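These are the residues of each chain, in order.
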Amino acid sequence: MFNLLKSDFYRTVRTGAFWGFAAFAVLIIFFGAGMMAFLASETFEDAVLSSMVDTEYMSPEEKAAEMAEFSEGAEELKHLPSLASTWDDMFLDGGFLSIVACMFLGTYLVCDFRSGFVKNLPMDRRGRLAYFGEKLVYAFIIQVVFMALAAVATSVAFPLFGFSFEVVEPVPDLAIWLGLAFLLSLAYTFVLVVAALWSRKEWLAVCWALLMSTGVVGAFFLQGVGLLARAWPWLDAVPFWTLRGNVEALRESVPWLLTPNAAYPIPAIAPAGQIVLVSLVVIVVAVVLGMTVCRKRDIK
């Protein structure tokens, strides 16, 4: 397994795909911070206020009120609630981190089968266990790299563009939040790895990353469950057992996540415990499928 892992990282650092996805992730985060800085800038404010002056249908009092409200909103935009909430907005809640990591992993894993590389490896029972087990370890490390990259880029980009945080959580709280976010992202990633290794189709891996890893399907599912829960109240518990539902829970502060909540199915373990439980269940199921169903499929 170690030799396979070494081979994968050798190919990773020598391929443009990894560096392209890494650069894309950093650029998007800096672009997002830059756009927010522009929206909060005096240049944009002056342009908006000038357009308000030209509106003939508004009275002078209405124009003054609108201008004051906009100026206040632009000033508030420069002060972000907290570092953890900024991380959540930039790379977790919208699925940006998952889609970047999963797009890279999906295309990279399928390449082994498309190029015929896997045919040159010993594929007896021991060889298959080593190969598919190594791919899961490789996905774990890649997820660590992309999460660290996204967290550092976000932490640097916003202060660089003049933003400040109203609350900077203690280091232990930030570590807890990152740990929970990593578990949820890893669950999405492992599901993608299983889908890619089983299908061995690049288009399916890409579609899976776009629809599942971004949380789009999960969001629609939770909306449907919410509507059905009006007729069957017991469905209100379903979001607590989904990855998307737990991603949304990370919008809250760490103290809230660590406080037992009577609304949760198992109040004694608190929301953070629910996140860990659901993530580990998905990860374990993915590992079992990867080491059984994917391993036993013929290699052509």
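Keep in mind that this is a model prediction, so the values were computed, not measured.

Undergrad: Is there a simple way to explain a nonpolar patch on the surface in this structure?
TA: On the surface, a nonpolar cluster with roughly 740 Å² of combined accessible area is contributed by W198, W241, I266, I269, L277, V281, V285, L289 and V293. Residue placement: I269 occurs in the loop between α12 (254–257) and α13 (270–296). On the basis of relative accessibility, which here comes to 33%, the residue I269 falls in the partly exposed class.

Undergrad: What is the right way to look at the layout of surface pockets in this model?
TA: The gaps left among the atoms become clear once a water-sized probe is rolled over them. Reported here for the largest pocket is a volume of approximately 290 Å³. Looking at the largest pocket, it is lined by 17 residues, and the ones nearest its centre are Y188, M212, G218, L243 and R244. With 4 residues, helix α10 (residues 216–228) is the largest single contributor of residues to the lining of the largest pocket.

Undergrad: Honestly, the packing of helix α2 (residues 16–39) against helix α6 (residues 96–114) in this entry has me stumped. Any pointers?
TA: For any two helices packed against each other, one specifies the inter-axial angle together with the distance between the axes. Look at α2 against α6: their axes get within 10 Å of each other, and the N-to-C directions meet at 165°. As summarised for this structure, α2 and α6 are arranged roughly antiparallel, according to the angle between their axes. Remark: the crossing between α2 and α6 carries right-handed chirality. For the pair α2 and α6, contact is made by A17, F18, F21, F24, A25, I28 and I29 and by F96, V100, M103 and F104, respectively. Classifying every residue of the contact of α2 with α6 gives 11 nonpolar, no polar and no charged.

Undergrad: Would you explain the confidence of the model for the protein in this entry?
TA: Any residue range with low pLDDT should be treated as having predicted coordinates unsuitable for detailed reading. When pLDDT is averaged along the protein, the result is 83; 88% of the residues meet or exceed 70. Element-level mean pLDDT values for the protein span from 65 in helix α4 (residues 60–77) up to 91 in helix α8 (residues 171–199).

Undergrad: Can you help me understand the nonpolar core in this one?
TA: Soluble globular proteins tend to bury their nonpolar side chains together. With 73 residues, the main nonpolar core has F91, F104, F146, W177 and L250 as its most contacted residues. When residues of this core are assigned to their parent elements, the largest contribution, 15 residues, is made by α8. The residues touching W177, leaving out its near neighbours within four places in the chain, are A84, W87, D88, F91, L92, L250, V254 and L257.

Undergrad: Please explain the pattern of salt bridges as it appears in this structure.
TA: Pairing between side chains of opposite charge can happen when their charged atoms approach one another. Scanning the model with the defined rule gives 7 salt bridges in all. D8 serves as the salt-bridge partner of K135, at 2.8 Å between the closest nitrogen and oxygen. Of the two residues, K135 sits in helix α7 (residues 125–160) while D8 sits in helix α1 (residues 2–14), which places them 127 residues apart along the sequence. Look at D8 and you get buried, because its relative accessible area is 1%. One salt bridge in this structure joins D112 and R11, with 2.8 Å as the shortest N-O distance. Here D112, found in helix α6, pairs with R11, found in helix α1; they are 101 residues apart in sequence, far enough to count as distant. Judged by relative accessible area, which is 0%, D112 ranks as buried.

Undergrad: How do you make sense of the packing of α6 against α7 when you look at a structure like this?
TA: Between α6 and α7, whose axes approach to 10 Å, the crossing angle comes to 150°. Of the possible angle classes, the one that applies to α6 and α7 is roughly antiparallel. Like other packed secondary-structure pairs, α6 and α7 cross with a definite hand, here right-handed. Together, L97, V100, A101, F104, L105, Y108, L109, D112 and F113 of α6 and Y131, K135, Y138, A139, I142, Q143, F146, M147 and A150 of α7 make up the contact between the two elements. Per-class residue counts for the contact of α6 with α7 are 15 nonpolar, 1 polar and 2 charged.

Here is what the cut-offs are and how they apply
Residues numbered from 1 in each chain as written. Predicted model: local features only at pLDDT ≥ 70, side-chain atom pairs only at ≥ 80, totals over all residues. Heavy atoms only, no water. Patch = residues over 30% accessible without salt bridge, like charges linked within 9 Å, V, L, I, M, F, W, Y side chains within 5 Å. Areas by Shrake-Rupley, 256 points an atom, 1.4 Å probe, with all protein chains shown as cover. Salt bridge = Lys/Arg side-chain N within 4 Å of Asp/Glu carboxyl O. Helix = DSSP H or I, 4+ residues; strand = E, 2+ residues; numbered from the N terminus. Buried < 20%, exposed > 50% of the residue type's maximum accessible area, 1.4 Å probe, protein only. 1 Å grid on protein atoms, 1.4 Å probe; cavity = no way out; pocket = protein on both sides within 12 Å on 5 of 7 lines; lining within 4 Å. Points joined across faces, edges and corners; volume = space filled by probe spheres on them. Axes fitted to C-alpha atoms, helices over the stretch in contact; angles between N-to-C directions. Parallel < 35°, antiparallel > 145°, perpendicular 65-115°, else oblique. Left-handed = near helix turned anticlockwise from the far one by under 90°. Contact = heavy atoms within 4.5 Å. Nonpolar A, V, L, I, M, F, W, Y, C, P; charged D, E, K, R; others polar. pLDDT = per-residue confidence, 0-100. Core = buried A, V, L, I, M, F, W, Y, C linked by side-chain atoms within 4.5 Å.

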